[in-house]
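Letter by letter, the chains look like this.
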Amino acid sequence: MSFLFGRQPQLSSEQKIAQAEAEIDMVSDMYARLVQSCSKKCIDSSYREADLNKGEGVCLDRCVAKFFEVNVKVSEKMQGEAQGRGAGGFPGM
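Residues numbered from 1 in each chain as written. Predicted model: local features only at pLDDT ≥ 70, side-chain atom pairs only at ≥ 80, totals over all residues. Heavy atoms only, no water.

## With respect to the overall build of the chain
In terms of regular secondary structure, the chain is built from two helices and zero strands. Across the 93 residues in the chain, those meeting the buried criterion constitute 10%. As presented, the chain carries roughly 8300 Å² of accessible surface, and 57% of it is formed by carbon and sulfur atoms. (Helix = DSSP H or I, 4+ residues; strand = E, 2+ residues; numbered from the N terminus. Buried < 20%, exposed > 50% of the residue type's maximum accessible area, 1.4 Å probe, protein only. Areas by Shrake-Rupley, 256 points an atom, 1.4 Å probe, with all protein chains shown as cover.)

## Brief notes about the side chain of glutamate 56
Residue position: glutamate 56 is located in helix α2 (residues 54-86). Within the buried set, glutamate 56 has no salt-bridge partner at all; the shortest N-O distance to an opposite charge, 6.6 Å, is to arginine 48. Excluding its chain neighbours within four sequence positions, the residues that come into contact with glutamate 56 are Cys42, Ile43, Asp44 and Asp51. (Lys, Arg positive; Asp, Glu negative; His and termini not counted. Salt bridge = Lys/Arg side-chain N within 4 Å of Asp/Glu carboxyl O. Contact = heavy atoms within 4.5 Å.)

## A short note on the nonpolar core
Listed in full, the seven residues of the largest apolar core are Met30, Leu34, Cys38, Cys42, Leu60, Cys63 and Phe67. At the level of secondary structure, the elements contributing two or more residues to this core comprise α1 (13-42) and α2. Discounting residues that sit within four places of it in the chain, methionine 30 has contacts with Phe67, Phe68 and Asn71. (Core = buried A, V, L, I, M, F, W, Y, C linked by side-chain atoms within 4.5 Å.)

## Details of α2
Owing to its 3.6 residues per turn, the α-helix aligns residues three or four sequence positions apart on the same side. Its 33 residues place the ends of α2 48 Å apart at the C-alpha level, agreeing with the 48 Å of an ideal helix rising 1.5 Å per residue. All of the buried residues in α2 are Glu56, Gly57, Leu60, Cys63 and Phe67. Lining the buried residues of α2 we find α1. N-cap assignment for α2: the residue whose side-chain oxygen lies 3.1 Å from the backbone N of glycine 55 is asparagine 53. (Expected span 1.5 Å × (residues − 1). Polar contact = N/O pair within 3.5 Å; in protein donor to acceptor, adjacent residues only side chain to side chain.)

## Here's the deal with the packing of aromatic side chains
Taken as a whole and assessed by the stated rule, the structure comprises one aromatic pair. Aromatic side chains phenylalanine 67 and phenylalanine 68 sit 6.1 Å apart centroid to centroid with 85° between the ring planes, which places their arrangement in the edge-to-face category. According to the relative accessible area criterion, phenylalanine 67 is buried, its value standing at 18%. Given the relative accessible area of 36%, phenylalanine 68 is considered partly exposed. (Phe/Tyr/Trp six-rings, centres within 6.5 Å; stacked < 30°, edge-to-face > 60°.)

What follows is the structure, encoded as C-alpha cells:
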C-alpha cells in the first residue's frame, strides 16, 4: 500500500528490464527519424564529396537542434496533459 502515501510501488527486475528495453527502442526510433528527416532535408542524394560541405553541416546542425526542441515541447505538452487527466481534469478545459 505504499502507493497510497505518495511513493511508487517497487518494480521487479523483469519490469525494470522491460522498461529499459522500451526506452532503448524509443531512443533508437527517435534517432532513426532524426537521421532520416535531417538527411533528406540537408544532404543532396547525389554525393559529390566524401565530406559534408559547409552548407550541409550548418543545415544539419539547425535541423538537429529544431528536432530536439520540438521533441522537448511535445514531451512537455504530453506530460502536462497526462498530469491533467491524472488530477481529474480534462485537457483543453
